[in-house]
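The chain contents come next:
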Amino acid sequence: MSEINYVSKEGMENMHKELHELKYIQRPFISKQIADARDKGDLSENAEYHAAKEDQGLLETKIAQLQDIISKSRIIDETKLDTSKVMMLSKVKVKNLKTKQEMIYMMVAEKEADFKLGKISFKSPIGLGLMGKKVGEIAEISAPSGIVKFEVIHISL
């Protein structure tokens, strides 16, 4: 059985925008490159043609993968989320117990993760450590430098 991917409404919209870009902008562009290269003559020695065909293959693979991800994705109903524990789409404020630094992370699907924006995958080491924790609980996360302890300070949507 295939794995269901839970995403935010914004995440689903972004995937559809990316798919539209790939299918209706990049695909015709590559097709034009192939046609232009084909017009230049002998295909056996035409590097432009072979490069464009390779690009086409990579693009079609990317389109197929994105369509597969979208078909397995479900939008999470934010009105039914519980803020008593960390779960998908939770915004969780944590304190690193060693450095005393506080950070806010939003738990998202892998496709939506963007560390610069504070969006981390619930499947990442930090995400896995925080999932299911309640305010006041300590998450122990394995990092290359050793175990890092985060205290959950606040959970919101």
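Before going into details, it helps to say that this report is about the structure given with it.

Criteria and cut-off values
- Residues numbered from 1 in each chain as written.
- Predicted model: local features only at pLDDT ≥ 70, side-chain atom pairs only at ≥ 80, totals over all residues.
- Heavy atoms only, no water.
- Helix = DSSP H or I, 4+ residues; strand = E, 2+ residues; numbered from the N terminus.
- Rg over C-alpha atoms; globule rule 2.2 N^0.38 Å.
- Buried < 20%, exposed > 50% of the residue type's maximum accessible area, 1.4 Å probe, protein only.
- Contact = heavy atoms within 4.5 Å.
- Areas by Shrake-Rupley, 256 points an atom, 1.4 Å probe, with all protein chains shown as cover.
- Lys, Arg positive; Asp, Glu negative; His and termini not counted.
- Charge placed at Lys NZ, Arg CZ, Asp CG, Glu CD.
- Pairing = 2+ DSSP bridges.
- Axes fitted to C-alpha atoms, helices over the stretch in contact; angles between N-to-C directions.
- Core = buried A, V, L, I, M, F, W, Y, C linked by side-chain atoms within 4.5 Å.

Considerations on the overall build of the protein
If you tally the helices and strands in the protein, you get three helices and seven strands. Along the chain direction, N to C, the helices and strands of the protein fall in the order β-α-α-β-β-β-β-α-β-β. Taking 2.2 N^0.38 as the reference for a compact globule, 157 residues should give roughly 15 Å; the C-alpha atoms of the protein span a radius of gyration of 22 Å, well beyond that estimate. Summarising its shape, the C-alpha atoms of the protein cover approximately 70 × 40 × 30 Å along the three principal directions. Across the 157 residues that make up the protein, the buried fraction comes to 31%. Restricting the contact set of the protein to residue pairs at least 6 apart, pairs at least 24 apart contribute 50%. Per element, the accessible surface of the protein, about 10000 Å² overall, is 54% carbon and sulfur. Computed over 25 positive and 24 negative side-chain charges, the inter-centroid distance for the protein is 7 Å.

Remarks on the sheet that holds strand E6 (residues 138-143)
The five strands are arranged E5-E4-E3-E7-E6 in an open sheet whose pairing can be described as mixed. Looking at which strands have only one partner, the edges of the open sheet turn out to be strand E5 (119-121) and E6. Averaged over all adjacent pairs, the angle separating strand axes in this sheet is 45°, with direction ignored. The pairing of E6 with strand E7 (residues 146-156) spans six bridges and is antiparallel. Residue pairing in the sheet places Ser-142 in a bridge with Ile-147 of E7.

Brief notes about the pairing of E7
Looking along a regular strand, one sees the side chains alternate between the two faces of the sheet. As judged from the six bridges shared by strand E3 (residues 91-96) and E7, these two strands associate in the antiparallel manner. Within the sheet, the bridge partner assigned to Lys-93 lies in E7 and is His-154.

A word on unusual backbone geometry
Backbone geometry places Leu-89, a non-glycine residue, at a positive phi of 70°. Position of Leu-89 relative to the elements: it lies in the loop between strand E2 (73-75) and E3. On the basis of relative accessibility, which here comes to 3%, the residue Leu-89 falls in the buried class. For Lys-100, which is not glycine, the phi torsion reads 65° and is therefore positive.

Examining the nonpolar core
Formed by 21 residues in total, the largest nonpolar core has its most connected members in Met-15, Leu-66 and Ile-70. Secondary structure elements with two or more residues in this core: helix H1 (9-38), helix H2 (47-71) and strand E4 (102-108). Among the elements that line this core, the one with the most residues is H1, at seven residues. In contact with Ile-70, other than residues within four places in its own chain, are Met-12, Met-15, His-16 and Leu-19.

Everything listed is a geometric property; what it means functionally is a separate question.
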